[in-house]
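# Chain and residue survey
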Amino acid sequence: MTSEDVVGKTSVTIANIAEEAKIASEGVKAPSRQTLLGICKSLAAGGIAGGVSRTAVAPLERLKILLQVQNPNAVKYNGTIQGLKYIWRTEGLRGMFKGNGANCARIIPNSAVKFFSYDEASKGILWLYRQQPGNEDAELTPLLRLGAGACAGIIAMSATYPMDLARGRITVQTDKSSTQYRGMTHALTTVLREEGPRALYKGWLPSVIGVIPYVGLNFAVYESLKDYLVKSRPFGLVEDKELGVTTKLACGAVAGTVGQTVAYPLDVIRRRMQMVGWKHAASVVTAEGKSKSTLEYTGMIDAFRKTVRYEGVGALYKGLVPNSVKVVPSIAIAFVTYEVVKDVLKVEMRISD
């Protein structure tokens, strides 16, 4: 990783390139500096989109994580319907949304940075691509969109990864857990004190690898579908070069399904690695002391090897069903909310002007 100074300078360069590319495409003289209000608009829209979408599917998100990390020697959650019923019966309504506060605290800045970074990276990449001979009038291709989406995802994920680790541990806690994390701050300070600073990034490598197909394909498929529909206008879905909310929802659903299916095994390994070294871990992880061998991983490859050896290849897809059920509305709502909020903020900016 580069230093903060290099990252900062790179971000400014990309931002300036993106703004100049946008203004040049509109035939307007480029200003000397980037509009701060426009940056805030993108950040706000991304943050709201992330918070709304995750809250809407919080019960399914918690069940997915419980299925991913539960010890096979003491199975409590066995399927989507049974799992949701068990959570309701044993923990009530609060149990359905346990960890959602920590998830929103993480996902709002994560989504804000991710969406904003993608906007800027895609514009910057297109500007650079057009500098090549013969590409003066080129448009973003799916491959370029994939690169922009992957860059945005890695930046956002790395910036908020310790919060994700804390959120994962809070999510799998039950009322029977011997020691409780009282919140995001308490979880982070406890992990830092008991396990050291490196523990805050357990599972980071499979997360980075998973970002490329997951976030990259989400953005690439979504943007490509939008462009295709606008240009071809099949079945009368497009009027005046604008997609309706329902059509945007469908595009987001397709994009989310493709991304999560490809990257899911890496997500399972990430969650399991996050549980390693957790003192007084939740009973769903330790199987109430019956076995802890599957908790000892020396790295990503070792986690893959032991998971397949002890539980079979199917273990890499534990929780896929509730994840598939929730990913469609989650990703779709995130994309649609983002664009709707951006449109609202754009109108308000024009009124204020």
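- As recorded by an unreviewed UniProt entry, the protein chain carries the name Mitochondrial carrier protein and is attributed to Deinandra increscens subsp. villosa.
- Quoted verbatim from the Sequence similarities (unreviewed entry) field of the UniProt record, the comment on the protein chain reads "Belongs to the mitochondrial carrier (TC 2.A.29) family."

### What to know about the side chain of R106
- Mapped onto the elements of the fold, R106 is located in helix α5 (residues 100–130).
- Here R106 falls in the buried class, since its relative accessible area comes to 7%.
- Not counting residues within four places of it along the chain, the set of residues in contact with R106 comprises R54, T160, M163, D164 and R167.

### Concerning the nonpolar core
- The biggest cluster of nonpolar side chains holds 28 residues, and the ones touching the most others in it are Y77, V172, W278, V284 and V285.
- Breaking this core down by element, the ones donating at least two residues are α3 (58–69), α4 (80–96), α6 (142–172), α7 (184–195) and α10 (283–286).
- Here the element with the most residues in this core is α3; it accounts for six residues.
- Every residue in contact with V172, bar those within four places of it in the chain, is listed here: R62, I65, L66, V69, M275, W278, A282, V284 and V285.
- Judged by nonpolar contacts, the second largest core, of 24 residues, contains A45, V215, I331 and F335.

### What about the side chain of D119?
- Secondary-structure assignment places D119 in helix α5.
- For D119, the side chain forms a polar contact with the side chain of Y338, separated by 2.5 Å.
- Beyond its immediate stretch of four places on either side in the chain, D119 contacts S42, Y338 and K342.

### Re the packing of aromatic side chains
- A full pass over the atoms with the stated rule returns four aromatic pairs.
- Their ring planes at 10 degrees and their centres at 5.6 Å tell us that Y181 and W278 sit as a pair that is stacked. Highlighted residues: Y181 in the loop between α6 and α7 and W278 in the loop between α9 (245–275) and α10, separated in sequence by 97 residues.
- Their ring planes at 15 degrees and their centres at 6.4 Å tell us that Y264 and Y317 sit as a pair that is stacked. In this pair, Y264 is assigned in helix α9 and Y317 in the loop between α11 (300–311) and α12 (320–352), connecting sequence segments 53 residues apart.
- The buried category is assigned to Y264, whose relative accessible area is 2%.

### Things to note about a nonpolar patch on the surface
- Among the surface-exposed residues, W88, L93 and F97 lie close enough to one another that they form a single nonpolar patch of about 340 Å² accessible area.
- In this structure, F97 sits in the loop between α4 and α5.
- By relative accessible area, which is 36% here, F97 ends up partly exposed.

### Overview of α3
- Along its twelve residues, α3 runs 17 Å from first to last C-alpha, staying within 8% of the 16 Å computed at 1.5 Å per residue.
- In terms of burial, α3 is a largely internal element, twelve of the twelve residues being buried.
- All buried positions along α3 are accounted for by A58, P59, L60, E61, R62, L63, K64, I65, L66, L67, Q68 and V69.

### Comments concerning the pattern of salt bridges
- Considering all chains together, one arrives at 20 salt bridges under this definition.
- Here R270 and D164 are joined by a salt bridge, their closest N and O atoms 2.7 Å apart. Of this pair, R270 sits in helix α9 while D164 sits in helix α6, placing them 106 residues apart in sequence. Comparing R270 with D164 shows no difference in burial state: the two are buried.
- Members of the salt-bridge network, linked through shared partners, are R54, E61, K64, R106, D164, R167, D267, R270, R271 and K326.

### Description of the environment of L67
- Structurally, the position occupied by L67 is in helix α3.
- The exposure class assigned to L67 is buried, which follows from its relative accessible area of 9%.
- Here the alpha-carbon distance between L67 and Y77, two residues ten residues apart in the chain, equals 6.4 Å.

### Structural notes on α7
- The end-to-end C-alpha distance of α7, which contains twelve residues, comes to 16 Å, matching closely the 16 Å that a straight helix rising 1.5 Å per residue would cover.
- Among all positions of α7, only M184, A187, T190, V191 and E195 are buried. Each buried residue of α7 lies within a common arc of 135 degrees when the element is viewed along its axis, so the set occupies one face. More than 90 degrees from the buried face of α7, the exposed residues found are T185 and R193.
- Looking at the packing, one finds that the buried side of α7 touches α5 and α6.
- Immediately downstream of α7, the backbone of G196 shows phi near 95 degrees, a positive value.

What counts and how
- Residues numbered from 1 in each chain as written.
- Predicted model: local features only at pLDDT ≥ 70, side-chain atom pairs only at ≥ 80, totals over all residues.
- Heavy atoms only, no water.
- UniProt positions renumbered as here; feature names shortened; annotations may be inferred.
- Helix = DSSP H or I, 4+ residues; strand = E, 2+ residues; numbered from the N terminus.
- Buried < 20%, exposed > 50% of the residue type's maximum accessible area, 1.4 Å probe, protein only.
- Contact = heavy atoms within 4.5 Å.
- Core = buried A, V, L, I, M, F, W, Y, C linked by side-chain atoms within 4.5 Å.
- Polar contact = N/O pair within 3.5 Å; in protein donor to acceptor, adjacent residues only side chain to side chain.
- Phe/Tyr/Trp six-rings, centres within 6.5 Å; stacked < 30°, edge-to-face > 60°.
- Patch = residues over 30% accessible without salt bridge, like charges linked within 9 Å, V, L, I, M, F, W, Y side chains within 5 Å.
- Areas by Shrake-Rupley, 256 points an atom, 1.4 Å probe, with all protein chains shown as cover.
- Salt bridge = Lys/Arg side-chain N within 4 Å of Asp/Glu carboxyl O.
- Expected span 1.5 Å × (residues − 1).
- Arc of directions from axis to C-beta.

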